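Letter by letter, the chains look like this.
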Amino acid sequence: EAGVAQSPRYKIIEKRQSVAFWCNPISGHATLYWYQQILGQGPKLLIQFQNNGVVDDSQLPKDRFSAERLKGVDSTLKIQPAKLEDSAVYLCASSRMRGGSPEQFFGPGTRLTVL
Amino acid sequence: AQTVTQSQPEMSVQEAETVTLSCTYDTSESDYYLFWYKQPPSRQMILVIRQEAYKQQNATENRFSVNFQKAAKSFSLKISDSQLGDAAMYFCAWTGANSKLTFGKGITLSVRP
């Protein structure tokens, strides 16, 4: 079974530029999550999708961050415009279903550096 | 709100020895799950072990076991026969009815050869 795929693995941009990350979850996983992990800290949930609907985006800075999962499979997370404090690793995770088996499986992450 | 606390930022263990990583949590929910995740320097987060709150028996996965004390809201991870490959950051995490994972700050484990 293929794992969660993410791209790119690394991205360096200047502040005020825009950037997009892509995630493809494990096949059959209905729930998809985006986390932000700042160096030395635990991941913080940004947004949770169930199929193509948003379940929780309470921690997403909506003035600059957006995410979509149009066909209920892969997802993109965008930052526009980026700030220095957005430098972090962005992790995507998926799980089978909300309320079912709760294990989340993580992708390798995208390390974003904002200069 | 749910919180997960890992108060030790770093620990070190001699190869082949046993080490215990501590974690406490706070929740008002009665039905929840607890996890330990491992994150090596390559950054891929890997599930080590999980514990269902309704189960009294402590979970075990090979060299990894937990000490789950529900009343004390404590969930520690014991690694036996430590190996060099166990060196990583370890995160304690909680999830409840909303399937949202709440992570602790993590602990960096180093293994001395």
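First, a word on what this report is: a plain description of the structure on this page. For clarity, every value in this text was computed on a predicted model and none was experimentally measured. (Residues numbered from 1 in each chain as written. Chains lettered and ligands numbered in written order. Predicted model: local features only at pLDDT ≥ 70, side-chain atom pairs only at ≥ 80, totals over all residues. Heavy atoms only, no water.)

A few words on the overall build of chain B. Secondary structure summary: chain B contains zero helices and 12 strands in total. Going from the N terminus to the C terminus, chain B shows its helices and strands as β-β-β-β-β-β-β-β-β-β-β-β. With respect to the principal axes defined by its C-alpha atoms, chain B has extents near 40 × 25 × 20 Å. Burial status across chain B gives 47% buried among its 113 residues. Considering only contacts within chain B whose residues lie at least 6 apart along the sequence, 54% involve residues at least 24 apart. Here chain B has roughly 5,500 Å² of accessible surface; of this, 47% comes from carbon and sulfur atoms. Looking at charge distribution, chain B has the averaged site of its 11 positive side-chain charges lying 4 Å from that of its 10 negative ones. (Helix = DSSP H or I, 4+ residues; strand = E, 2+ residues; numbered from the N terminus. Buried < 20%, exposed > 50% of the residue type's maximum accessible area, 1.4 Å probe, protein only. Contact = heavy atoms within 4.5 Å. Areas by Shrake-Rupley, 256 points an atom, 1.4 Å probe, with all protein chains shown as cover. Lys, Arg positive; Asp, Glu negative; His and termini not counted. Charge placed at Lys NZ, Arg CZ, Asp CG, Glu CD.)

Right, let's talk about the pairing of strand 4 (residues 31-37) of chain A for a bit. Residues and elements named next belong to chain A. Counting buried residues along strand 4, seven of its seven residues qualify, which places the element largely inside the surrounding structure. Bridge analysis of strand 4 against strand 5 (residues 44-50) gives six bridges, and the strand direction is antiparallel. Residue Thr 31 lies in a different strand from strand 5, and its bridge partner there is Gln 50. With antiparallel pairing between neighbouring strands as the criterion, strand 4 and strand 5 make up a hairpin whose turn holds six residues, including Gly 40 at a positive phi of roughly 85°. Inspection of the sheet shows strand 4 paired to strand 9 (residues 88-95) by seven bridges, in the antiparallel sense. Paired with Gln 37 across the two strands is Val 89, which belongs to strand 9. (Pairing = 2+ DSSP bridges.)

Right, let's get into the state of the cysteines. Taken as a whole, this structure holds two disulfides over all chains when the rule is applied. A sulfur-sulfur separation of 1.9 Å characterises the disulfide bridge that pairs Cys 23 of chain A with Cys 92 of chain A. Disulfide Cys 23 of chain A-Cys 92 of chain A: the torsion about the S-S bond is -70°, which places it as left-handed. Residue Cys 23 of chain A is found in strand 3 (residues 19-24), and its partner Cys 92 of chain A is found in strand 9; the two are separated by 69 residues along the sequence. In this structure, Cys 23 of chain A and Cys 92 of chain A share a single accessibility class: buried. Here Cys 23 of chain B engages in a disulfide with Cys 92 of chain B; their sulfurs sit 2.0 Å apart. What sets the handedness of the Cys 23 of chain B and Cys 92 of chain B disulfide is the S-S torsion sign, and at about -70° it is left-handed. You can see Cys 23 of chain B sitting in the loop between strand 3 (19-21) and strand 4 (24-26) and its partner Cys 92 of chain B sitting in strand 10 (residues 88-95), a full 69 residues away along the chain. This pair shows no difference in class: Cys 23 of chain B is buried, exactly as Cys 92 of chain B is. (Disulfide = S-S within 2.5 Å.)

Turning our eyes to something else, we now look at the interface of chain B and chain A. Taken together, the 20 residues of chain B in the interface contact 27 residues of chain A. Taken together, the two surfaces of chain B and chain A that pack against each other cover about 1,800 Å², and 49% of this comes from carbon and sulfur. Summed over the three residues of chain B that lose the most area to chain A, namely Arg 43, Ser 99 and Lys 100 of chain B, the buried surface amounts to 34% of that side. Here Glu 103 of chain A ties to Arg 50 of chain B by a salt bridge, and the two come within 2.4 Å at their closest N and O atoms. Where chain B touches chain A, the interface holds five residue pairs in polar contact (both at pLDDT 80 or more). For the side of chain B that touches chain A, the elements supplying multiple residues, two or more each, are strand 5 (33-39), strand 6 (46-52) and strand 10 of chain B. Its residues placed into classes, the side of chain B that touches chain A shows nine nonpolar, seven polar and four charged. (Buried area = accessible area lost by both parts, 1.4 Å probe. Salt bridge = Lys/Arg side-chain N within 4 Å of Asp/Glu carboxyl O. Polar contact = N/O pair within 3.5 Å; in protein donor to acceptor, adjacent residues only side chain to side chain. Nonpolar A, V, L, I, M, F, W, Y, C, P; charged D, E, K, R; others polar.)

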